[in-house]
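Listed here are the chains, written in short residue letters.
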Amino acid sequence: MTAEDFQNGQILLIDKPLHWSSFQAVNKMKWVLKSQLGLKKIKIGHAGTLDPLATGLLIVCTGKFTKRISELQGHAKEYTGTFFIGATTPSYDLETAINATFPTEHINDVLIHETVKQFLGEIDQQPPVFSAIKKDGIRLYEHARNGEEVEIAFRKTTIHEFEITRIALPEIDFRVVCSKGTYIRSLAFDYGKALGSGSHLTVLRRTKIGDYDVANAILPAEFEKQNSPDED
């Protein structure tokens, strides 16, 4: 694609690597467009943040298509991943260390599958304290890192599909299709509680946003290679 193509607007599907922030991925692409294609200015943004500990589909819009970001953010999203049953962390994932352990002897396959049903449809969900939501003008994770306790309001969200794909306790693999604003980390915490135990998220991959599939996405390094002046 030419510099003009990117200015006119493109929807790019990126497979965000582990430990990269969404901002880093977009910044890398912006650098490629400026340095490799000679663009002095380019509008670029993503349609839905992924945590650094998550991988998968990041929709990046360039040029005139940045106006479509709000529309794309509203699409349903599909995730796959792993819950670790029997322990919780303050961040509900691997960002922080385990802070409590719980019994798992009572948990069997029937309970695991039956508990899923509690989360289908519209649910009330409390976002993690380690999140970028602002409270009194300060992001929640900043309150959390300062050891401050804050009251976090519940939000309405919708779980369209929730499927258990592997049981190998203490690990459970899942696939979830959900609405905008759903925190899979909170789902992990709430699901563990509903099992009469505890849980935290250890693996998360976003596989779809609307009709866009990670199978059609490329890594940032591949995007750089494709747009290198040395490429034919």
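Structural data are supplied above this passage.
These numbers come from a predicted model, not from an experiment.

Student: What am I meant to see in the pairing of strand S1 (residues 10–16) here?
Tutor: Along a regular strand, successive side chains alternate from one face of the sheet to the other. With six of its seven residues buried, S1 lies for the most part within the structure. The pairing of S1 with strand S3 (residues 55–62) spans seven bridges and is antiparallel. Pairing of isoleucine 14 across the sheet is with leucine 58, part of S3.

Student: I keep staring at the environment of glycine 86 and nothing clicks. Help me out?
Tutor: Along the chain, glycine 86 turns up in the loop between strand S4 (77–85) and strand S5 (87–88). Taking relative accessible area as the criterion, glycine 86 reaches 10% and is therefore assigned buried. When the C-alpha positions of glycine 86 and serine 199 are compared, they lie 5.7 Å apart, and in sequence the two are 113 residues distant. Those residues in contact with glycine 86 that lie beyond four places of it in its chain are Ala100, Thr101, Phe102, Thr104, Ser197 and Gly198.

Student: What is the right way to look at helix H6 (residues 184–194) in this model?
Tutor: A turn of α-helix holds 3.6 residues, and therefore any two residues three or four places apart point the same way. Of the positions making up H6, those classed as buried are Ile184, Arg185, Ser186, Leu187, Ala188, Tyr191 and Gly192. Those residues of H6 hidden inside the fold are in contact with S4, helix H4 (109–116), strand S7 (121–125), strand S10 (155–168), strand S11 (171–178) and strand S12 (199–209).

Student: Explanation requested: the packing of aromatic side chains in the structure shown.
Tutor: Both the distance between ring centres and the angle between the ring planes are used here to describe each pair of aromatic rings. Applying the stated criterion across every chain, the model contains eight aromatic pairs. Consider the rings of phenylalanine 83 and phenylalanine 162, whose centres lie 6.5 Å apart with planes at 85°: the pair is edge-to-face. With phenylalanine 83 in strand S4 and phenylalanine 162 in strand S10, this pair connects stretches of sequence that are 79 residues apart. We classify phenylalanine 83 as buried; its relative accessible area is 0%. When the ring of tyrosine 92 is compared with that of phenylalanine 189, the centres are 4.4 Å apart and the planes differ by 15°; the resulting orientation is stacked. Of this pair, tyrosine 92 sits in the loop between S5 and strand S6 (100–101) while phenylalanine 189 is found in helix H6, placing the two residues 97 residues apart along the sequence. Assessed through its relative accessible area of 14%, tyrosine 92 is described here as buried. One aromatic cluster is present, formed by Phe83, Phe119, Phe162, Phe174 and Tyr191 through successive ring pairs.

Student: Got a minute to help me understand the pattern of salt bridges in this structure?
Tutor: Pairing between side chains of opposite charge can happen when the charged atoms of each approach one another. Applying the stated criterion to the full structure yields eleven salt bridges. As a salt-bridge pair, aspartate 15 and arginine 205 come within 2.8 Å of each other at their nearest N and O atoms. Of this pair, aspartate 15 sits in strand S1 while arginine 205 is found in strand S12, placing the two residues 190 residues apart along the sequence. Residue arginine 205 is classed as partly exposed on the basis of its relative accessible area, which comes to 25%. One salt bridge in this structure joins aspartate 124 and lysine 156, with 3.0 Å as the shortest N-O distance. Of the two residues, aspartate 124 sits in strand S7 while lysine 156 sits in strand S10, which places them 32 residues apart along the sequence. Judged by relative accessible area, which is 44%, aspartate 124 ranks as partly exposed. For lysine 156, a relative accessible area of 58% gives the class exposed. Taken together, the salt bridges that share partners define one network made up of Glu78, Glu161, Glu163 and Arg175.

What counts, and where the lines are drawn
- Residues numbered from 1 in each chain as written.
- Predicted model: local features only at pLDDT ≥ 70, side-chain atom pairs only at ≥ 80, totals over all residues.
- Heavy atoms only, no water.
- Buried < 20%, exposed > 50% of the residue type's maximum accessible area, 1.4 Å probe, protein only.
- Helix = DSSP H or I, 4+ residues; strand = E, 2+ residues; numbered from the N terminus.
- Pairing = 2+ DSSP bridges.
- Contact = heavy atoms within 4.5 Å.
- Phe/Tyr/Trp six-rings, centres within 6.5 Å; stacked < 30°, edge-to-face > 60°.
- Salt bridge = Lys/Arg side-chain N within 4 Å of Asp/Glu carboxyl O.

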